[in-house]
Every structure is written in structure tokens, then in C-alpha cells.
Amino acid sequence: KQWYQRRVGGHGTKDEKPEPVRAIDIHHHRTATPDVMLEYYRSKLDKSENAEEQKQLEELINYHVRTEGKVQEIIEEISHQVTGSWEVSQVFSRTPQQIRHPSCNKDVLTAFFGQCYRMQSHPYITKYLYKMTNLCNAYGSKVIVDAVLDNCNHN
């Protein structure tokens, strides 16, 4: 089956034949939204032929990889401080739960984004924020926000 479109710039008449739309060969590979930024930098690095640009991109990629690791550690520390136990903290890290306390989530995420890492410049952090939701489902926002403030002071 062929798909057709009218020529650009004309409205077409009965006598004009529409031009076929050609398929564009694009190689897609799926990247989770939080990882798009790092994949973009990696792709740019792979294509770069400029040594200075390659060095800058490698430094940028390494920074974000290290930062993602720090984010995971901070969230685990927050969870441990709130629960008082590494074992219980691990339970809250297993699977995402539904948001049952939206106001807690708002308070906790506002504190996290304000004191820890901004989502706009570190989008990969969204992969780990479900742990905050899980904590909100069992604990009050004050204790979680206090733990965020205790563990995040570099902003």
C-alpha cells in the first residue's frame, strides 16, 4: 500500500498527481527517558573526531555517571535514616508503589530537587525517586524531608 501526499506549496488540483511519501531509514534503539541525555553525549562522543571535544564529552559523561551513583547512595542514606534499618530500607527499594500520599511526595521531591539534584540537569535521578514515594506511603513527610535535608547539602 502506498501513502501519498500533495506537493508542498500547492493545494493540488484534480489533474495533479500526488507525490509518494518516501520512508526514511532511521535506526532506532530504545532509550529510557531518564537516560536520553547520557546516550546523547555517548553518541556525540562516538561521532566526534575532535580530540578536545572527545575529552570534554568523556569528562561530562564521567561526571554524570559518578553523579548517578551518588544519587543512588544519597537516596539509600535517606531511606536508611527514615526507616532506621538497612534491611527495611531495602524493602522500600524493591518495587515502585502507587502514590498514596501526594502531598508527602510533593514536599519530599521539592526538598530533594531543591537541596540535592535538579531534575532538569540530572534527569537520570527520576529512575530512583519511586523510593521516596514508597517511603511516603509508610512515613510522614516531615521525617523524610528532614532526612533529605540532612543528606543533601551541596546545592
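The structure under discussion appears in the preceding block.
Here's a quick rundown of the structure. Keep in mind that what you see is a predicted model, and the values were worked out from it rather than measured.

### Examining helix H6 (residues 141-151)
Inspection of H6 places Ile144, Val145, Ala147 and Val148 among the buried residues, and these make up the whole buried set. Along the axis of H6, the buried residues cluster in a sector spanning 155°; they form a single face. In H6, the exposed positions angled more than 90 degrees off the buried face are occupied by Lys142 and Asp150. Residues of H6 that are buried sit in contact with helix H2 (51-83), helix H4 (102-115) and helix H5 (130-136).

### Some remarks on the nonpolar core
Counting residues in hydrophobic clusters, the biggest one holds 31 residues, and the most contacted among them are Ile78, Val108, Phe112 and Val148. Residue assignment for this core shows that the elements contributing at least two residues are helix H1 (36-47), H2, H4, H5 and H6. Sort the elements by how many residues they give to this core and H2 lands first, with 7 residues.

### Digging into the packing of H2 against helix H3 (residues 86-93)
It is at 8 Å that the axes of H2 and H3 come closest, and there the two elements cross at 120°. Classified by the angle between their axes, H2 and H3 sit oblique to one another. Every pair of crossing elements has a handedness; the one defined by H2 and H3 is right-handed. Within the contact between the two elements, H2 uses Glu76, Glu77, Ser79, His80 and Thr83 and H3 uses Trp86, Val88, Ser89, Gln90, Phe92 and Ser93. A breakdown of the residues in the contact of H2 with H3 according to their chemical character gives 3 nonpolar, 6 polar and 2 charged.

### Structural notes on the packing of H4 against H6
As a packed pair, H4 and H6 sit with axes 9 Å apart at the nearest point and diverge in direction by 10°. Viewed along their axes, H4 and H6 adopt a mutual orientation that is roughly parallel. Where H4 abuts H6, its residues Cys104, Asp107, Val108, Ala111, Phe112 and Gln115 lie against Ser141, Ile144, Val145, Val148 and Leu149. For the contact of H4 with H6, a count of residues per class yields 8 nonpolar, 2 polar and 1 charged.

The rules we used
Residues numbered from 1 in each chain as written. Predicted model: local features only at pLDDT ≥ 70, side-chain atom pairs only at ≥ 80, totals over all residues. Heavy atoms only, no water. Buried < 20%, exposed > 50% of the residue type's maximum accessible area, 1.4 Å probe, protein only. Helix = DSSP H or I, 4+ residues; strand = E, 2+ residues; numbered from the N terminus. Arc of directions from axis to C-beta. Contact = heavy atoms within 4.5 Å. Core = buried A, V, L, I, M, F, W, Y, C linked by side-chain atoms within 4.5 Å. Axes fitted to C-alpha atoms, helices over the stretch in contact; angles between N-to-C directions. Parallel < 35°, antiparallel > 145°, perpendicular 65-115°, else oblique. Left-handed = near helix turned anticlockwise from the far one by under 90°. Nonpolar A, V, L, I, M, F, W, Y, C, P; charged D, E, K, R; others polar.

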